[in-house]
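Listed below, chain by chain, are the residues.
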2 protein chains.
Amino acid sequence: MRIAELSRQADVPVPTIKYYLREGLLPPGELRSANQAQYGEEHVRRLKLVRALIEVGRLPIAAIRRVLEHMDEPEPNLHNVLGHALMGLDQRGPADDEQLAAALKEIESLAERRGWRLSPDGPTKLAAAEVIAALRQLGVTEPLENIDDYADTAERVAQVDMKLVRKRLEDPAGLVYGVVIGTVVGDQLLAALRRLAQEDASARMFGITEVTEPC
Amino acid sequence: MRIAELSRQADVPVPTIKYYLREGLLPPGELRSANQAQYGEEHVRRLKLVRALIEVGRLPIAAIRRVLEHMDEPEPNLHNVLGHALMGLDQRGPADDEQLAAALKEIESLAERRGWRLSPDGPTKLAAAEVIAALRQLGVTEPLENIDDYADTAERVAQVDMKLVRKRLEDPAGLVYGVVIGTVVGDQLLAALRRLAQEDASARMFGITEVTEPC
């Protein structure tokens, strides 16, 4: 298909597609003549993925480029793919090296307590450590005092995530696409549900027993 | 304090502070002369918050502006503050109005199943509906088939979040700051823990029993 049809099928404007092509977020089409390229189904799928990562997942372009590079390896390591989705900040966070090293130790000791089997040099541990260091730096340490509760819920979510993996095992491309979308966009779903549950929890805590909504 | 001291205390470069001032993310200092302003502790705290929302929370500037506007109201509604942190996309997501209405119904019926007491017109329901519509549009529906499992974990996290609220009830400014940081930065902590737990779950699923890491 030509770029106009690709735009229609993926519901992404042509100038945006050209921008993604320039930024290397979409592989070039197959050239049929000097100024006409042909695109396939894989371009439609990739465009939808990129758009979801930008608009719903809020990943910066640099992070998406890294995610896609790792996805496009002959045997993509999904944990690296997903870890890079957490990392892609060009500016470093507020933590200095000493704080970061201390936070990495916290993650190592959490992993040991939970019996988590982690690869030694994946990007996620560093991403987690950066968040921990940021919370300490900001003086908001309550989440860290309750990190095992958070880890419990993370384990439960990961069990649910494995259902998706099992369902898509026969289709490697669909598996990678599904896991990346399910995790990055799923993070936003979890964040929204957390806020709704907070609203309910605080309504209960402050004794609001009636809701005026006609639902 | 003058801007140079503010920069040192908050660990944010002066040009960045000037950018935040121009963007309305930081209230102006008190003018002492035509070109010298004085800043206080509240500027240090606000700067740290803005930086965390940008660098760790990855919120777009427009979303941060909305969050701060709602924080600065005389009696801030924290659920609105946090809901706006989820929303701030200037481009709309891939869902059309019909898909969005259907997704809103899914959220309403989830809330009814869970007995959640929600305000009728908060921004979070809409944010959640946009994520649901995006997942359907992208053909990754497994998280939606298991949304009650996600809601269970969201409730558990919200319970932990209430510990922070209880601890900070005596200090309204510290409460708002803590809840915003704990929620927005906490989302990133949960996302990172989810990836670590996924790594462990898939190691177990695919029978990887040994990790070479010397930890």
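Sequence positions are assigned chain by chain, starting from 1 and proceeding in written order. In the order they appear in the text, chains get letters beginning with A and ligands get numbers beginning with 1. In view of the model being predicted, local features appear only for residues whose pLDDT reaches at least 70, and side-chain atom pairs are presented and counted only at 80 or more, with totals across whole chains, interfaces and linings using the full set of residues. Only hydrogens and water are set aside; all other atoms, that is, all heavy atoms of the structure, feed into the side-chain values.

Named according to an unreviewed UniProt entry, chain A is DNA-binding transcriptional MerR regulator originating from Allocatelliglobosispora scoriae.

In this text, helices come from DSSP runs of H or I with a minimum length of four residues, and strands from runs of E with a minimum of two, each type numbered from the N-terminal end. A count of helices and strands for chain A gives 10 helices and 2 strands. Along chain A, from the amino end to the carboxyl end, the secondary structure elements read α-α-β-β-α-α-α-α-α-α-α-α. If you line up chain A on its principal axes, its C-alpha atoms span 65 × 50 × 35 Å. In what follows, a contact means two residues having at least one pair of non-hydrogen atoms within 4.5 Å. A fraction of 58% describes how many contacts in chain A between residues 6 or more apart in sequence connect residues 24 or more apart. Positive charge is attributed to Lys and Arg, negative charge to Asp and Glu, and no charge count is given to His or to the chain ends. By convention, charge coordinates are those of NZ in Lys, CZ in Arg, CG in Asp, or CD in Glu. One way to put it: in chain A the 27 positive side-chain charges average out to a point 5 Å from where the 34 negative ones average out.

Another aspect to go through is the environment of Gln 38 of chain B. All names here are of chain B. Among the structural elements, Gln 38 can be located in strand β2 (residues 36–38). With 59 residues separating them along the chain, Gln 38 and Asp 97 place their C-alpha atoms 48 Å apart. When sequence neighbours within four positions are dropped, the list of residues in contact with Gln 38 reads Met 1, Arg 2, Gly 29, Glu 30 and Arg 32.

So, about the packing of helix α6 (residues 97–114) of chain A against helix α9 (residues 147–167) of chain A. All names here are of chain A. Taken N-terminus to C-terminus, the directions of α6 and α9 make an angle of 60°; their axes are 11 Å apart at the nearest point. In this view, α6 runs oblique relative to α9, as classed from their interaxial angle. Regarding α6 and α9, the two cross each other, and that crossing is right-handed. Residues Leu 110, Arg 113 and Arg 114 of α6 touch α9, and the partners they reach there are Ile 147, Asp 148, Ala 151, Asp 152 and Glu 155. In terms of residue class, the contact of α6 with α9 is made up of 3 nonpolar, no polar and 5 charged. Each axis is a line fitted through C-alpha atoms, taken for helices only over the stretch in contact, and angles between the N-to-C directions span 0 to 180 degrees. Each angle gets one of four labels, with under 35 degrees taken as roughly parallel, over 145 as roughly antiparallel, 65 to 115 as roughly perpendicular, and the rest as oblique. For a crossing to be left-handed, the near helix must be turned anticlockwise from the far one by less than a right angle; the clockwise case is right-handed. For this classification, Asp, Glu, Lys and Arg are treated as charged, while Ala, Val, Leu, Ile, Met, Phe, Trp, Tyr, Cys and Pro are nonpolar and the rest, including Gly, are polar.

Generally, phi is negative for residues other than glycine and the peptide bonds are trans, each holding for most cases. All names here are of chain B. Phi at Asp 11 is positive, roughly 55°, even though this residue is not glycine. Within the secondary structure layout, Asp 11 lies in the loop between α1 (3–10) and α2 (14–23). Buried residues are those whose accessible area, probed at 1.4 Å on protein chains only, stays under 20% of the maximum for their type, while exposed residues exceed 50% and partly exposed ones sit between those limits. A relative accessible area of 43% means that Asp 11 is categorised as partly exposed. Positive phi outside glycine occurs at Arg 58, with the angle close to 60°. Tracing the chain through its elements places Arg 58 in the loop between α3 (41–55) and α4 (61–71).

So, on to the relation of the copies chain B and chain A. Least-squares superposition of the copies uses the C-alpha atoms of those residues scoring a pLDDT of at least 70 in each of them. Once turned by 180° and shifted 0.0 Å along the axis, chain B lies on chain A with an RMSD of 0.0 Å. Taken together, the rotation and translation relating the two chain copies correspond to the operation of a two-fold axis. When C-alpha distances to the rotation axis are compared across chain B, the minimum falls at Thr 153 of chain B, with a value of 2.6 Å. Take the interface residues of chain B: 99% of them recur as interface residues in chain A, which is what a same-surface contact looks like.

The UniProt record annotates "domain: HTH merR-type" (unreviewed entry) at residues 1–70 of chain A. Taken end to end, residues 1–70 of chain A has its terminal C-alpha atoms 27 Å apart, with 60% of it in helix and 10% in strand. UniProt positions are given in the numbering used here, feature names are shortened, and annotations may be inferred rather than shown by experiment.

With that settled, consider helix α9 (residues 147–167) of chain B. Spanning 21 residues, α9 of chain B covers 31 Å between terminal C-alpha atoms, matching the ideal 30 Å at 1.5 Å per step. Every buried residue of α9 of chain B is listed here: Ile 147, Tyr 150, Ala 151, Thr 153, Ala 154, Val 157, Ala 158, Val 160, Asp 161, Met 162, Leu 164 and Val 165 of chain B. Expected span of a helix, by definition, is 1.5 Å for each gap between consecutive residues, and there is one gap fewer than residues.

Glancing now at the interface of chain B and chain A. Across the contact, 104 residues belong to chain B and 103 residues belong to chain A. Across the chain B to chain A interface the summed buried area is about 9500 Å²; carbon plus sulfur atoms make up 63%. When the buried area of chain B at its contact with chain A is split by residue, Arg 58, Arg 117 and Arg 195 of chain B rank highest and sum to 9% of it. The term salt bridge refers to a side-chain nitrogen of Lys or Arg lying within 4 Å of a carboxyl oxygen of Asp or Glu. Here chain B is connected to chain A by 17 salt bridges. Any pair of nitrogen or oxygen atoms within 3.5 Å is treated as a polar contact; in protein, a donor-acceptor pairing is required on top of that, and neighbouring residues in sequence qualify only through side-chain atoms on both sides. For the pair chain B and chain A, the number of links is 38 residue pairs in polar contact (both at pLDDT 80 or more). Contributing elements (two or more residues each) for the side of chain B that touches chain A: α3, α5 (78–87), α6 (97–114), α7 (123–138), α8 (142–145), α9 and α10 (172–205) of chain B. Taken together, the residues of the side of chain B that touches chain A sort by class into 55 nonpolar, 22 polar and 27 charged. Here the quantity called buried area is the total loss of accessible area, with a 1.4 Å probe, experienced by two parts when brought into contact, counted for both.

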